[in-house]
Structures are given as structure tokens and as C-alpha cells.
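Residue-level structure breakdown
Each chain is listed here by its residues.
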Amino acid sequence: MKKYLSVFGLYARSSIYRALGVLLAMGVAEFGLFYYALDRALLVFEAGVGDGMAHFEELVTGSKIPWCFTVAFILITIFLCLPGTEFQSKTGYTLRRLSISERSVLLVQWMYNMAVYIILLAVQLFFCFALSHIYISQVSAEFIGNQTVFLTFYRSEFMHALLPLSEAGMWFRNAFLVIGLGFAAAEFSYNQRMKGYGIAIIVLGIFAIVSFRTEMGSIGGFFFTIIVVAFYVGNAIYNLLRKEVVDENGLS
């Protein structure tokens, strides 16, 4: 167990501070953009222009917060792919010195990567709640109700994807995305150490970006995501196990 914890700690030291830096930058950008959008919306409302005060979800979309999240996702994915590759020779050298199989290294990195993706989702959700409280504190009480924030998570595709509430299928979809992305990032490092290529993280990453924002009740979307991720991870694990069996037979 100590060896596995050492590998987990190695990956954490290699990328966690960069990931935290990205999350901090994401928060600064989102709060800055939201404050700017909220100030403009308040000025427009006070001037009597338009159809009334903008809804919270409109400000979230208008202030480009989903784009901030997307950029953070891309950067964190890059940082998760690098440890254990030739691009970070120190980490790769340390891994070679540990008496642990490549398959075990892959599984440990997979667990770590999933934890980081979960942290990314949780932090973004926390930021959305914090922004909603800022909105409530600044907007006239006539536009605020007991269900204002709750309804926002149903009306906004981005926020509903972060917190699907009672839509169980979306929870499963998010779980499968975390599982698939975590494995693909770990497989990139593994393939690079094996002198191969890891394009799955690019394909799956693009797929996640394109399909993440989903309107409520989109059954086909989350079923398709589950099928794609399950097929990819299952096929990758099968090929990995088959390769190890072939290598063992070749050595025997």
C-alpha cells in the first residue's frame, strides 16, 4: 500500500499546485467578469431599457463563465497528462525506480485524475453559488424569490450540467465523464512511456466540451455519453490486460 500511496503522492506533487493555480485564476476571472456584467445589467435596468432586470443565468452566460470553465478544464487536463511522460523526465525517472507495475501506475494515476476532475466540478459549483448570492444581494427584492437559485439550475444548461438536481441520468453522465477523462489522461502518460500515442484524451476532451452543457430532459445525450465512455474505457482496459498477458507469455 505504501508504494501505491507514494505514486499517488508523486502525481499529486507533479500537478496539484498547477491545478489549484488554474482554479484560482478561474475564480478571479469569473468573479471579475460577473461583477462587470452585473453592473452593466443594473445600469440598463435603472435606465429603463429592455424588458427588466436580467436573470442570474443570463448573466452567467453573458459573462462567459462557461468559457472560463472550459479553459480551466483544458489546462488541468494538460497538467494531468504530463506527469510520468518524457516531458517531465524527473517524474518518469522516479516511477521507474519504484517497484510497481505499469498497470498499477496507470490505475493510481486514474484515481488521482478523477479526484482532480471532481474538485474542478465542485469548485465551479461553489463559485456559481457564490455568484448567485452576489446577484441576490445586488438586485431589487421584487426580482428575487425563494426559488431563484433553485430555478436557475433548471433553466441554465451550464449550471444544470454542474448540478443536475433530481435528474439521475445526468448524475450518471457526469460520473462517466469523470471516469473516462481520468482514464484517458492516465492512458496518455502510459502510452507515452511505452513509446506510443494517446489521442483518446483529445477526442474525449473535445466530446466533453461539446456535450457538457445539456438542457433538462435530454435523455439521448446522457445515454450516448455513457455508451461512448463505457466502450472506450472497457476496450482500453481489455487491450491493456491482453498486452500484459502477451508480454508475460513472451518472457516465459
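Note that the structure is a prediction, hence the values are computed from the model and not measured. (Residues numbered from 1 in each chain as written. Predicted model: local features only at pLDDT ≥ 70, side-chain atom pairs only at ≥ 80, totals over all residues. Heavy atoms only, no water.)

Observations regarding the overall build of the protein
So the rule is basically this: Helical segments are the DSSP runs of H or I of at least four residues, strand segments are the runs of E of at least two, and each set is numbered from the N terminus. For the exposure calls, accessible area comes from a 1.4 Å probe over protein chains only, and a residue counts as buried if that area is under 20% of its type's maximum, exposed if over 50%, partly exposed in between. Here, two residues are considered to be in contact whenever any of their heavy atoms come within 4.5 Å of each other.
Counting its secondary structure elements, the protein contains 10 helices and zero strands. Of the regular secondary structure in the protein, the N- to C-terminal order runs α-α-α-α-α-α-α-α-α-α. When each of the 252 residues of the protein is scored for burial, the buried share is 47%. Sequence separation of 24 or more characterises 81% of the internal contacts of the protein that already satisfy a separation of 6 or more.

Re the pattern of salt bridges
To keep it simple, the criterion reads: The salt bridge definition used is simple: a Lys or Arg side-chain nitrogen within 4 Å of an Asp or Glu carboxyl oxygen.
A complete count under the given rule lists one salt bridge for this structure. Close ionic contact of Glu-57 with Arg-155 constitutes a salt bridge, the shortest N to O distance being 2.6 Å. Separated by 98 residues along the polypeptide, Glu-57 in helix α2 (residues 56-62) and Arg-155 in helix α6 (residues 148-155) bring together distant segments of the chain.

Let's talk about the packing of helix α3 (residues 65-81) against helix α9 (residues 200-211)
Put simply, the test is: The angle between two axes is taken between their N-to-C directions and runs from 0 to 180 degrees, where each axis is a line fitted to C-alpha atoms and a helix contributes only its stretch in contact. To sort the angles, those under 35 degrees are grouped as roughly parallel, those over 145 as roughly antiparallel, those from 65 to 115 as roughly perpendicular, and the leftovers as oblique. Crossings are sorted by hand: turned counterclockwise from the far helix by less than a right angle, the near helix makes the crossing left-handed, and turned clockwise it makes it right-handed. Residues were grouped as follows: Ala, Val, Leu, Ile, Met, Phe, Trp, Tyr, Cys and Pro as nonpolar; Asp, Glu, Lys and Arg as charged; and all remaining residues, including Gly, as polar.
Contact pair α3 / α9: the axes reach a minimum separation of 11 Å and the direction vectors enclose 160°. Relative to α9, the element α3 lies roughly antiparallel. Taken as a pair, α3 and α9 cross one another with a handedness that is right-handed. Between α3 and α9, the residues in contact are Thr-70, Phe-73, Ile-74, Thr-77 and Cys-81 and Ile-201, Gly-205, Ala-208 and Ile-209, respectively. Considering only residue class, the contact of α3 with α9 consists of six nonpolar, three polar and no charged.

Description of unusual backbone geometry
We note that Lys-64 has phi near 65°; this positive angle belongs to a residue other than glycine. Relative to the assigned elements, Lys-64 resides in the loop between α2 and α3.

Comments concerning the packing of α3 against helix α5 (residues 102-138)
Remark: α3 packs on α5, axes separated minimally by 11 Å, with the N-to-C direction vectors making an angle of 160°. Between α3 and α5, the angle falls in the class roughly antiparallel. Read as a crossing pair, α3 and α5 show a hand that is right-handed. Of the residues in α5, those in contact with Ile-65, Phe-69, Ala-72, Phe-73, Ile-76, Thr-77 and Leu-80 of α3 are Gln-109, Tyr-112, Asn-113, Val-116, Tyr-117, Leu-120, Leu-121, Gln-124 and Leu-131. In the contact of α3 with α5, the residues fall into 12 nonpolar, four polar and no charged.

Brief notes about the packing of aromatic side chains
Just so we agree on the cut-off: Between 30 and 60 degrees the pair is tilted, below 30 it is stacked and above 60 it is edge-to-face, where a pair is any two Phe, Tyr or Trp rings, Trp via its six-membered ring, whose centres lie within 6.5 Å.
By the definition in use, this model includes 12 aromatic pairs. When the ring of Phe-158 is compared with that of Phe-212, the centres are 6.4 Å apart and the planes differ by 65°; the resulting orientation is edge-to-face. Of the two residues, Phe-158 sits in helix α7 (residues 157-162) while Phe-212 sits in the loop between α9 and α10 (219-251), which places them 54 residues apart along the sequence. The exposure class of Phe-158 is buried, given its relative accessible area of 3%.

Some points on the environment of Val-44
As for its position among the elements, Val-44 is in helix α1 (residues 2-46). Of the residues examined, Val-44 reaches a relative accessible area of 41% and is grouped as partly exposed. When the C-alpha positions of Val-44 and Ala-54 are compared, they lie 9.3 Å apart, and in sequence the two are 10 residues distant.

Side note on the environment of Phe-127
With respect to the helices and strands, the residue Phe-127 is situated in helix α5. Given a relative accessible area of 12%, Phe-127 falls into the buried group. The spatial distance from the C-alpha of Phe-127 to the C-alpha of Met-26 is 9.5 Å, given a sequence separation of 101 residues. In this structure Phe-127 touches Leu-23, Met-26, Gly-27, Glu-30 and Phe-31, once residues within four positions along its chain are discounted.

Topic: the confidence of the model for the protein
As a reminder, the rule being used: A residue's pLDDT is the confidence the predictor assigns to it, expressed on a 0 to 100 scale.
Looking at the protein as a whole, its pLDDT mean stands at 82, while 85% of the residues score no less than 70. Within the protein, helix α4 (residues 89-97) has the poorest average pLDDT of any element, 58, and α3 the best, 95.

So, α6
The condition that has to hold: Directions pointing from the helix axis toward each C-beta atom define the arc.
Within α6 the residues assigned to the buried category are Thr-148, Val-149, Thr-152 and Phe-153. An end-on view of α6 places all buried positions within 140° of arc, on one side of the element. In this structure, the buried side of α6 is in contact with α2, α5 and α7.

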